[in-house]
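# An overview of the molecular structure
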2 protein chains.
Amino acid sequence: MSNESHRAVQYGGGRDALLEATIRVVARAGLRKVTNRAVAEEAGVTHGLVSHHFGNRDNLIAEALRYVLERSLDRSTLESGTGSVDDFARTLVEMATGDADGQAFQYELILESRRRPELRPLVASLYDTYRDATRRELARIGLADVPGLDHAVFAALDGLVFQELADPDPERMQSALDALHDLLRSATVAPPPHVPARAARS
Amino acid sequence: MSNESHRAVQYGGGRDALLEATIRVVARAGLRKVTNRAVAEEAGVTHGLVSHHFGNRDNLIAEALRYVLERSLDRSTLESGTGSVDDFARTLVEMATGDADGQAFQYELILESRRRPELRPLVASLYDTYRDATRRELARIGLADVPGLDHAVFAALDGLVFQELADPDPERMQSALDALHDLLRSATVAPPPHVPARAARS
DNA sequence: GGTCAAACTATCCAGACGGAAAGTTCTTGG
DNA sequence: CCAAGAACTTTCCGTCTGGATAGTTTGACC
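What comes next is a walk through the structure. Source: prediction; values computed, not measured.

Quick look at the nonpolar core now. Ranked by size, the top nonpolar core spans 122 residues in total, and within it Leu149(A), Leu184(A), Leu149(B) and Leu184(B) carry the most contacts. Excluding residues within four positions of it along the chain, Leu149(B) makes contact with Ala179(A), Leu183(A), Leu138(B), Leu143(B) and Leu184(B).

This part is about the relation of the copies chain B and chain A. Mapping one chain copy onto the other needs a rotation about an axis and a shift along that axis. For the pair chain B and chain A, the relating rotation is 180°, the translation along its axis is 0.0 Å, and the fit reaches an RMSD of 0.1 Å. Each copy turns onto its partner about a two-fold axis. Relative to the rotation axis, the closest C-alpha in chain B is found at Ala156(B), a distance of 1.7 Å. Both copies contact each other with a shared surface, as 100% of the interface residues of chain B are interface residues in chain A too.

We now examine the packing of aromatic side chains. Evaluation of the coordinates by the stated rule reveals 9 aromatic pairs over all chains. Residues Tyr107(A) and Phe162(B) carry aromatic rings whose centres are separated by 5.5 Å and whose planes lie at 85° to one another, so their mutual orientation is edge-to-face. Of this pair, Tyr107(A) sits in helix 6 (residues 100-113) while Phe162(B) sits in helix 8 (residues 149-166), which puts the two residues in different chains. For the residue pair Tyr107(A) and Phe162(B), the accessibility class agrees, reading buried in each case. Between Tyr127(B) and Phe154(B), the ring centres sit 5.8 Å apart and the planes meet at 80°, which makes this aromatic pair edge-to-face. Residue Tyr127(B) is found in helix 7 (residues 120-140), and its partner Phe154(B) is found in helix 8; the two are separated by 27 residues along the sequence.

In the neighbourhood of DNA strand C, 22 residues make up the surrounding shell, with Gly14(A), Thr46(A), His53(A), Arg37(B) and His47(B) lying closest. The sugar and phosphate moieties of DNA strand C supply 56% of its atoms located within 4 Å of the protein. Residue Tyr11(A) places a side-chain N or O atom 2.8 Å away from a base nitrogen belonging to DNA strand C. Take Gly14(A): an N or O atom from its main chain is 2.8 Å from a phosphate oxygen of DNA strand C.

Taken residue by residue, the interface counts 50 residues in chain B and 50 residues in chain A. Here chain B and chain A share an interface that buries about 4300 Å² over both sides, 62% of which is from carbon and sulfur atoms. In terms of surface lost to chain A, no three residues of chain B exceed Arg32(B), Arg114(B) and Leu183(B), which account for 16% of the buried area on that side. At the junction of chain B with chain A, the criterion picks out 2 salt bridges. A salt bridge links Glu108(A) to Arg115(B); its shortest N-O distance comes to 2.7 Å. The interface formed by chain B and chain A holds 12 residue pairs in polar contact (both at pLDDT 80 or more) in total. Going through the elements one at a time, helix 1 (14-29), helix 6 (100-113), helix 7, helix 8 and helix 9 (170-189) of chain B are the ones with two or more residues in the side of chain B that touches chain A. Across the side of chain B that touches chain A, the residue classes tally to 30 nonpolar, 9 polar and 11 charged.

Attention now goes to a positive patch on the surface. Positive charge collects at one region of the surface, where Arg32(A), Lys33(A), Arg32(B) and Lys33(B) lie side by side. Structurally, the position occupied by Lys33(B) is in the loop between helix 1 and helix 2 (36-43).

The rules we used
Residues numbered from 1 in each chain as written. Chains lettered and ligands numbered in written order. Predicted model: local features only at pLDDT ≥ 70, side-chain atom pairs only at ≥ 80, totals over all residues. Heavy atoms only, no water. Core = buried A, V, L, I, M, F, W, Y, C linked by side-chain atoms within 4.5 Å. Buried < 20%, exposed > 50% of the residue type's maximum accessible area, 1.4 Å probe, protein only. Contact = heavy atoms within 4.5 Å. Least-squares fit on C-alpha atoms with pLDDT ≥ 70 in both. Phe/Tyr/Trp six-rings, centres within 6.5 Å; stacked < 30°, edge-to-face > 60°. Helix = DSSP H or I, 4+ residues; strand = E, 2+ residues; numbered from the N terminus. Near = heavy atom within 4 Å. Polar contact = N/O pair within 3.5 Å; in protein donor to acceptor, adjacent residues only side chain to side chain. Buried area = accessible area lost by both parts, 1.4 Å probe. Salt bridge = Lys/Arg side-chain N within 4 Å of Asp/Glu carboxyl O. Nonpolar A, V, L, I, M, F, W, Y, C, P; charged D, E, K, R; others polar. Patch = residues over 30% accessible without salt bridge, like charges linked within 9 Å, V, L, I, M, F, W, Y side chains within 5 Å. Areas by Shrake-Rupley, 256 points an atom, 1.4 Å probe, with all protein chains shown as cover. Lys, Arg positive; Asp, Glu negative; His and termini not counted. Charge placed at Lys NZ, Arg CZ, Asp CG, Glu CD.

Read these as layout, nothing more, since geometry by itself doesn't imply function.
Set out below in C-alpha cells:
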C-alpha cells in the first residue's frame with residue numbers, strides 16, 4: 001500500500017514488535033511502567049493488540065522472557081570457545097556493556113520469578129544456559145572436574161555483570177576479571193586440595 | 001486510650017511502620033505493587049499518611065532504602081570477624097536465607113537506581129559496606145593486597161546470594177562456597193603470579 | 001473481483017491510583 | 001483544664017489502567 005512507509009510496524013509484525021518493546025520498557029523504566037498502553041506506544045501499535053495476541057499483561061511479560069531466551073540460545077553470547085580465560089572474560093564484558101537492556105531485562109524478570117512461579121522454568125533455563133557455557137569454558141582451561149567451581153565462577157561473573165549494570169566501573173570489572181583469571185590459572189597448576197585422587201592422576 | 005489495643009500502629013509510629021511496610025511489599029510483590037494505598041494497608045494506617053510524611057511515592061521508596069542502610073550498618077551482617085573463610089561463607093548463607101525479604105528489597109532497589117540517579121549514592125554506600133567487609137575478611141586470611149580480588153570475591157558472593165533468592169538450592173550454594181574457599185586457600189599458599197614483587201617479598 | 005480469516009484500531013467502562021486539602025484525634029506543656 | 005502542634009484520617013478528583021468488544025483493514029486464496 002502506498003501508505004506503508006508511514007506505518008511504524010509492518011502489518012503482521014505487531015506481535016514481535018510488542019515483545020521487543022516490552023524488553024526495552026522493562027530495561028528502561030522497570031516492570032511498573034510496563035502497561036498495555038506504554039508497550040503498545042513503544043511498539044508503534046495500539047494497546048488492544050496486547051489483549052489480542054497475549055490475552056493479558058502477565059502473558060505478555062512471560063512471552064517476552066521466552067522470546068529473549070530463544071534469542072540467547074541462538075547466539076551463545078557467553079562462550080568464546082577459544083579456551084582462553086582472557087577471551088571468556090572479554091566476551092563477558094562485551095555482553096554486559098553491549099546489551100545492557102537485555103541484561104537488565106533478565107535481572108528484572110529473575111526477581112519477578114520469585115513471585116510468579118510460571119516464570120521459574122524460564123529463569124531456570126536461562127541459568128542453565130549460562131552455567132553450561134561456564135562449564136564448557138572451564139573444561140577448555142583444564143578445570144572440568146572441580147565440584148562447585150562452575151557455580152562459583154558463574155556466580156562471580158553474574159555478580160560482576162549485575163554490578164556493572166547498577167554502578168558501571170570498567171576498571172573495577174577488569175581488575176576483578178584479572179584476579180579471577182589468576183585464581184583459575186593457579187588452580188590449573190596447583191589444583192585445590194580436595195580434588196579426588198582419580199582426577200588428580202588424570 | 002482504651003482503644004489503643006485496637007490500633008495496629010502506636011501513635012507517632014506511622015512513619016517507621018510505612019518504611020517497614022514498604023520493604024515487605026517490595027520484597028513480596030515488587031515495586032509495581034508499592035502504591036500509597038498498598039503500603040499504608042500493610043502498615044496499618046491510611047494512605048494520606050504517605051503524603052504527610054514523605055511528600056510522594058518516590059521519596060517513600062528512597063527513604064525506605066536509606067532506612068535499610070542505617071539498619072545494616074548497625075548490624076555488619078556480612079562479617080564474622082574470625083578470619084575463617086568457612087565462617088565468612090556461613091554468615092553469608094545465613095544472611096541470604098534468613099533475611100530474604102531484605103535482600104530482595106536491596107536487589108530491586110539496585111536495579112531501580114539505574115533509572116533513579118538520586119538512589120545511586122545510597123546504592124554505592126550499600127556496595128561499599130559489602131566490599132569493605134569482604135576486604136577485611138580477605139585481609140584476615142592473608143589476601144589483603146591482591147588487586148581486584150576483593151571485587152571478584154564480593155561479586156561471587158553477591159551472585160550466589162542473588163541466585164539463591166531467585167532459585168534456592170542450598171547444595172549448589174554450599175558447593176560453590178567450598179570451591180571458592182579452596183581457590184582462596186590455594187591463593188594463600190601460592191599467590192597468583194602477577195602479585196607485585198614488593199608484595200611477594202613482604 | 002469476492003470471500004474469509006488474520007491482524008489491527010477505536011471505544012468504552014469499572015476500578016485503582018497519587019496526592020492535595022480539609023478535618024479529626026492525640027499528646028505534651030503550661 | 002486548655003491550647004497548640006504533631007500525627008493521622010477522610011474526602012475528593014483528574015488521570016491512568018486492564019481488558020473486553022465492536023468495527024475496520026489487510027492479505028491470501030479461489
